[in-house]
Amino acid sequence: GIRDEIQPLRQELDDLRSMLRRIGRDRDGEGEEFRGLFAEAYGGLVDQGVEPALARRLTQTLQVSTASSDLADREQLNRNLFHILLASVAGPAPIKPLPGARRVVAFVGPTGAGKTTTLAKLASYFRLIQGKKVAMITLDSFRIGAEAHLNTYARLLNVPCYTVYTREDLDYRLSRLTDMDLVFVDTTGRGARDRDGIEGVAALVNSIPRGEREVHLVIPATLKERDAAA
């Protein structure tokens, strides 16, 4: 079909873009110390959004850790690079409930990033595994089914769940949930160009008392840094 015919063209365009980026890097002197498969590894990292300085350090580590017998083995080099990347990524900083105090954890980010699902999984962990007193609040009254989605999780966990629309609503609900260890707040997903919407979400989140507030940006793991910044 047409899709099968288009796919090879897309691959050729991707290969062409990569080649042009590599030519540009060669002109700028980026990665010029690497040769062969190591140059490919460096170029691949930069193409995926890794900062050139970090890509250089990773590729240098790859060179040092690769046995001479594997210098021409692309698959082995890729496996080595994979393990180097795993070792270089810091572990996540977990949410830590404060003894004798409430923590209000808000999730913000673009539509479809997984805020509600992430919130539900964390709420389940703290409620069922750690035995904490948990509540949920959703500010996402715009997405169809968002309120019902979170309420379903709340019923399964047997925890309170509320929908709020204004700062006054949020202040009131938080004032009634002072005995909770954790209050998870789901927010409306907003696009990068929706400045008014982003400012509205920010105003609500910033109204949470600073000493209790913890805000997490939720974005797809595959999103490149330059795209996230844009």
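A. Fine view of the overall build of the protein. For the protein, the helix and strand inventory stands at 9 helices and 5 strands. For the protein, the succession of helices and strands along the chain, N to C, is α-α-α-α-β-α-β-α-β-α-β-α-β-α. The buried share among the 230 residues of the protein stands at 33%. The contacts in the protein between residues at least 6 apart in sequence include a share of 69% that link residues at least 24 apart.

B. Representation of the packing of aromatic side chains. Tallied over the entire structure, the rule returns 4 aromatic pairs. Between the aromatic rings of phenylalanine 126 and phenylalanine 184, the centroid separation amounts to 6.2 Å while the plane-to-plane angle is 35 degrees, which identifies the pairing as tilted. Residue phenylalanine 126 is located in helix 5 (residues 115–129), and its partner phenylalanine 184 is located in strand 4 (residues 182–186); the two are separated by 58 residues in the primary sequence. With respect to class, phenylalanine 126 is no different from phenylalanine 184; both count as buried. Following the ring pairs from residue to residue traces out a cluster consisting of Phe107, Tyr125, Phe126 and Phe184.

C. A look at a nonpolar patch on the surface. A cluster of nonpolar side chains, contributed by Tyr125, Leu128 and Ile129, occupies part of the molecular surface with about 330 Å² of accessible area. Within the secondary structure layout, leucine 128 lies in helix 5.

D. Molecular detail of the pattern of salt bridges. The final tally for this structure, using the stated rule, is 6 salt bridges. One salt bridge connects glutamate 33 with arginine 56, and the closest N-O pair in it is separated by 3.1 Å. Of this pair, glutamate 33 sits in the loop between helix 1 (2–28) and helix 2 (36–47) while arginine 56 sits in helix 3 (residues 52–65), and the two are 23 residues apart along the sequence. Taking relative accessible area as the criterion, glutamate 33 reaches 38% and is therefore assigned partly exposed. Between aspartate 171 and arginine 167 there is a salt bridge, with its nearest N and O atoms 4.0 Å apart.

E. The arrangement of the packing of helix 2 against helix 4 (residues 74–88) in detail. Following both chains from N to C, one finds helix 2 and helix 4 inclined at 45 degrees, their axes separated by 11 Å at the closest point. In terms of orientation, helix 2 and helix 4 fall into the oblique class. Considering only the axes of helix 2 and helix 4, their crossing is right-handed. For the pair formed by helix 2 and helix 4, the contact residues are Leu37, Phe38, Glu40, Ala41 and Leu45 on the first element and Arg74, Leu77, Leu81 and Leu85 on the second. Each residue belonging to the contact of helix 2 with helix 4 can be placed in one class, and the counts come to 7 nonpolar, no polar and 2 charged.

F. Here's a closer look at the sheet that holds strand 1 (residues 103–108). Here we have 5 strands laid out as an open sheet, ordered 3-2-4-1-5, and parallel in their pairing. This sheet does not close on itself; its edge strands, each paired only once, are strand 3 (161–163) and strand 5 (213–217). Recorded for the sheet is a direction-independent mean angle of 20 degrees between the axes of neighbouring strands. By the bridge criterion, 3 bridges tie strand 2 (residues 134–138) to strand 3 in an arrangement that is parallel. Across the sheet, threonine 138 pairs through a bridge with threonine 163, a residue of strand 3. Contacting strand 1, strand 2 and strand 4, helix 5 crosses the sheet at an angle of about 170 degrees to strand 4. Sheet contacts for helix 7 (residues 167–175): strand 1, strand 2, strand 3 and strand 4; angle to strand 2, the most-contacted strand, approximately 175 degrees.

G. Expanded view of the side chain of threonine 187. The topology assignment puts threonine 187 in the loop between strand 4 and helix 8 (195–206). Of note is the side chain of threonine 187, whose polar atom sits 2.6 Å from the backbone oxygen of phenylalanine 107.

Reading the values: rules and limits
Residues numbered from 1 in each chain as written. Predicted model: local features only at pLDDT ≥ 70, side-chain atom pairs only at ≥ 80, totals over all residues. Heavy atoms only, no water. Helix = DSSP H or I, 4+ residues; strand = E, 2+ residues; numbered from the N terminus. Buried < 20%, exposed > 50% of the residue type's maximum accessible area, 1.4 Å probe, protein only. Contact = heavy atoms within 4.5 Å. Phe/Tyr/Trp six-rings, centres within 6.5 Å; stacked < 30°, edge-to-face > 60°. Patch = residues over 30% accessible without salt bridge, like charges linked within 9 Å, V, L, I, M, F, W, Y side chains within 5 Å. Areas by Shrake-Rupley, 256 points an atom, 1.4 Å probe, with all protein chains shown as cover. Salt bridge = Lys/Arg side-chain N within 4 Å of Asp/Glu carboxyl O. Axes fitted to C-alpha atoms, helices over the stretch in contact; angles between N-to-C directions. Parallel < 35°, antiparallel > 145°, perpendicular 65-115°, else oblique. Left-handed = near helix turned anticlockwise from the far one by under 90°. Nonpolar A, V, L, I, M, F, W, Y, C, P; charged D, E, K, R; others polar. Pairing = 2+ DSSP bridges. Polar contact = N/O pair within 3.5 Å; in protein donor to acceptor, adjacent residues only side chain to side chain.

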